[in-house]
Amino acid sequence: MKIVEIKLPGKLTKKESEHRVTFLEHVGVIPGGEKIKACIQCGTCTGSCPVSFAMDISPREVIALFRAGDIESILKSKTIWTCASCYACQTRCPASIKVTDIIYALKRTAMDRKIYSRKFPVHLLKDSFVKNIYRFGRLNEPRLMVYYLLKTGIIKSFAYLPLGIKMAINGRIEYKASKIKDIIGFRQIMKAAEKLDMPIEFEAKPYIVETVGYKAAH
Amino acid sequence: MKYTYYPGCSLHSAHRGYDDSCKAVFEKLDCELIELDDWNCCGATIYMSIKEITSLAIAARNLALAEKYKYDLIAPCSSCFTILSKTNRFLMQKSRLNDEVRLCLKEANLEYNLSVRVRHPLDVLVNDIGLETIKNKVKRPLRGLKIANYYGCQIVRPERGFDDRENPMTMDNLFEILGAENVYFPKKLQCCGGMLMTTYEEVAMELSKEILESAVENDAELIVTTCPLCQMNLEAYQNKINRVFKTNFKMPIYYFTQVVGVALGLEPKNLGIGKNFYQLQRLKEIEMMSKTEIIEIQ
């Protein structure tokens, strides 16, 4: 992995401090999220992870990089989008760190800070998913897939045609999207929640140096 | 016994077979499933990675609706099961999250007082209805059908639920009672790739291939699963896996309720078995053989 910029010990760039504030905000809401401080770098998470072979930064290194004050590298990595949330790491962590939930927090940080990986069109999937849910209250899988495939590239989507046809023959495609009855109430819940979820607006200010590096473990 | 039933989006589209077989099996065992009225999408794993409070709020809407029924809530889809129980857990532990979700629910005149228990049908079958009751109702013993029990990652993790988190045995015990033979299957908890099948296909195919390979190596005739997404990944992408890895898998992947249904003497038609891509050859055999046997017993 590449470390973006060599900094003075304990001193963070403005961008990094902003990432950090957002990330800590997200970790703060996880029950037991503060245990991230207790990491002993044993590597059980990486060893348990079924997809660590495809990651550029291993789950153990994610926590190490967070401590070292380089969240930006994590957000730009493939790692957070490679996690399939199988919770193997979280179950086995001897320090009971909520590794999977922390990776969720990192995903949300990346979304809030608008750092999208080029290789993974996750934000496109997100768009189609949120639209689908907001419109019907339920997910209509064919619509989600069609919308997503058209966004990612029409040519690529032809590869899915045989599968789609086979699904249709076996009667496994639901063409009609069902809408929930109380869609108005549902949308109000979503709107209210999204307001509470808004990315935090903050002014550029030097970040508290004390919580970075070695001291963060105490 | 009565339960509230939360099918979830996938059981109402591509996975009707799971929905039908689940209902049929519970009916056969004299259990009433009352479908939750006006349920909405639980948000699945993906919403958690976009917005926290929104994802919890929409999941909590279902729990708030289910609270009025005063029964346990059954969620057959692993993803729905994890998300709903996770929401329950989060709301119980953190006061701030609870307050915010409460505010959101108020917008739709709903209230949730944390009293719903989220259950998986496997848990209910084995621990509530009981293996003895099921054993007494077996019409077609599975006659040593070699089954690989695939639990998938999310029904026993992350918190300890109804079974062990490293080596769950609930499904093995269930099928043993039904007369099947459980093969050695070390990949029973390995992730199939889940949603990565849409975003990072190479990795998901590798994982699914390992699961299929392990089942074939141990002479399993079919893989039985509890999760619609696993079923989809293992079955619908089998062709592509064969092409990419030059393998020759033809492994039938059934929902566990379908196989339980067959053993209880239900018609495969009513269990949605025809909708699966790969059919189990010995299924017909079991059906035919048992018909004569049933007559003999009577």
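Notes on the structure in this doc start here.

Rules used throughout
- Note on numbering: residues in each chain are counted from 1, in written sequence order.
- Think of it this way: whatever chain is written first is A, whatever ligand is written first is 1, and the rest follow in order.
- The predicted origin of the model limits local features to residues at a pLDDT of at least 70 and limits the giving and counting of side-chain atom pairs to 80 or more, whereas totals for whole chains, interfaces and linings rest on all residues.
- Water and hydrogen atoms play no part in the side-chain values, which are based on all heavy atoms of the structure.
- The helix count covers DSSP runs of H or I at least four residues long, the strand count covers runs of E at least two residues long, and both are numbered beginning at the N terminus.
- For a helix, the expected span equals 1.5 Å multiplied by the residue count minus one.
- Three labels apply to residues, based on accessible area from a 1.4 Å probe with only protein chains included: buried if under 20% of the type maximum, exposed if over 50%, partly exposed otherwise in between.
- Here, residues are in contact when the closest pair of their heavy atoms is within 4.5 Å.
- Working definition: a ring pair exists when centres of Phe, Tyr or Trp rings (six-membered ring for Trp) sit within 6.5 Å. Plane angles under 30 degrees give stacked, over 60 give edge-to-face, the rest tilted.
- The criterion for a charge sitting over a ring is simple: Lys NZ or Arg CZ within 6 Å of the ring centre, and within 35 degrees of the ring normal.
- The quantity reported as buried area is the accessible area (1.4 Å probe) lost by two parts once they are put together, taken as the sum for both.
- Between Lys or Arg on one side and Asp or Glu on the other, a salt bridge is scored when a side-chain nitrogen of the former is within 4 Å of a carboxyl oxygen of the latter.
- The definition of a polar contact used here is a pair of N or O atoms within 3.5 Å, where within protein one atom must be able to donate a hydrogen and the other to accept one, and adjacent residues in sequence count solely through side-chain atom pairs.

Focus: helix H9 (residues 201-217) of chain B
All names here are of chain B.
Turning to step 1, where the next piece is worked out: Compared with an ideal rise of 1.5 Å per residue, which puts 17 residues at 24 Å, H9 spans 24 Å between its outermost C-alpha atoms and is within 8% of the ideal.
Turning to step 2, where the next piece is worked out: All buried positions along H9 are accounted for by Glu 201, Val 203, Ala 204, Met 205, Leu 207, Ser 208, Lys 209, Ile 211, Leu 212, Ser 214 and Ala 215.
Turning to step 3, where the next piece is worked out: Those residues of H9 hidden inside the fold are in contact with strand E5 (146-150), helix H8 (196-199), strand E7 (222-225), helix H10 (228-236), helix H11 (238-245) and strand E8 (253-255).
Turning to step 4, where the next piece is worked out: Asp 219 occupies a position one or two residues after H9 and carries a positive phi of about 60°.

Topic: the packing of aromatic side chains
Turning to step 1, where the next piece is worked out: Within the structure shown, the criterion is met by six aromatic pairs over all chains.
Turning to step 2, where the next piece is worked out: Between the aromatic rings of Phe 129 of chain A and Tyr 47 of chain B, the centroid separation amounts to 5.8 Å while the plane-to-plane angle is 70°, which identifies the pairing as edge-to-face. Here Phe 129 of chain A is found in helix H8 (residues 122-136), whereas its partner Tyr 47 of chain B is found in helix H2 (residues 44-48) on a different chain.
Turning to step 3, where the next piece is worked out: Under the relative-accessibility criterion, Phe 129 of chain A is labelled buried at 2%.
Turning to step 4, where the next piece is worked out: Given a relative accessible area of 1%, Tyr 47 of chain B falls into the buried group.
Turning to step 5, where the next piece is worked out: Measuring from ring centre to ring centre gives 6.4 Å for Tyr 18 of chain B and Phe 256 of chain B, while their planes differ by 75°; the resulting arrangement is edge-to-face. A residue pair is termed long-range when its members are at least 10 positions apart, and Tyr 18 of chain B in helix H1 (residues 16-28) and Phe 256 of chain B in helix H12 (residues 256-263) qualify at 238 residues.
Turning to step 6, where the next piece is worked out: An aromatic cluster of three or more residues is present, and its members are Tyr 18, Tyr 255 and Phe 256 of chain B.
Turning to step 7, where the next piece is worked out: It is Arg 138 of chain A that lies over the ring of Trp 39 of chain B; its NZ or CZ is 3.6 Å from the centre.
Turning to step 8, where the next piece is worked out: One Lys or Arg, Lys 166 of chain A, reaches over the ring of Tyr 278 of chain B and ends 5.2 Å from the middle of that ring.

Some points on the interface of chain A and chain B
Turning to step 1, where the next piece is worked out: Taken together, the contacts link 64 residues of chain A with 73 residues of chain B.
Turning to step 2, where the next piece is worked out: Summed over both partners, the interface of chain A with chain B buries about 6100 Å², with 61% contributed by carbon and sulfur atoms.
Turning to step 3, where the next piece is worked out: The interface formed by chain A and chain B includes seven salt bridges.
Turning to step 4, where the next piece is worked out: The shortest N-O distance in the salt bridge between Glu 166 of chain B and Arg 92 of chain A comes to 2.7 Å.

Regarding the side chain of Gln 90 of chain A
All names here are of chain A.
Turning to step 1, where the next piece is worked out: Within the secondary structure, Gln 90 sits in helix H6 (residues 88-92).
Turning to step 2, where the next piece is worked out: On the basis of relative accessible area, Gln 90 is assigned to the buried category, the value being 8%.
Turning to step 3, where the next piece is worked out: Within polar-contact distance, the side chain of Gln 90 engages the side chain of Asp 101 at 3.3 Å.

Focus: unusual backbone geometry
Turning to step 1, where the next piece is worked out: Cis geometry is adopted by the peptide bond preceding Pro 158 of chain B, which originates at Arg 157 of chain B and carries an omega value of 0°.
Turning to step 2, where the next piece is worked out: Along the chain, Pro 158 of chain B turns up in the loop between E5 and helix H7 (170-177).
Turning to step 3, where the next piece is worked out: Non-glycine residue Lys 114 of chain A carries a positive phi angle of around 55°.
Turning to step 4, where the next piece is worked out: Relative to the helices and strands, Lys 114 of chain A resides in the loop between helix H7 (99-112) and H8.
Turning to step 5, where the next piece is worked out: Classification of Lys 114 of chain A as exposed rests on a relative accessible area of 62%.

Topic: the pattern of salt bridges
Residue and element names in this part refer to chain B.
Turning to step 1, where the next piece is worked out: Applying the stated criterion across every chain, the model contains 27 salt bridges over all chains.
Turning to step 2, where the next piece is worked out: Here Arg 140 ties to Glu 267 by a salt bridge, and the two come within 3.8 Å at their closest N and O atoms. Of the two residues, Arg 140 sits in the loop between helix H6 (121-136) and E5 while Glu 267 sits in the loop between H12 and helix H13 (281-297), which places them 127 residues apart along the sequence.
Turning to step 3, where the next piece is worked out: On the basis of relative accessible area, Arg 140 is assigned to the buried category, the value being 3%.
Turning to step 4, where the next piece is worked out: Residue classification places Glu 267 among the partly exposed positions, given a relative accessible area of 36%.
Turning to step 5, where the next piece is worked out: A salt bridge links Glu 201 to Lys 240, with the nearest nitrogen and oxygen atoms 2.9 Å apart. In this pair, Glu 201 sits in helix H9 while Lys 240 sits in helix H11, placing the two residues 39 residues apart along the sequence.
Turning to step 6, where the next piece is worked out: Of the residues examined, Glu 201 reaches a relative accessible area of 17% and is grouped as buried.
Turning to step 7, where the next piece is worked out: Overlapping salt bridges bring together Asp 72, Arg 117, Arg 119, Asp 123 and Asp 128 as one network.

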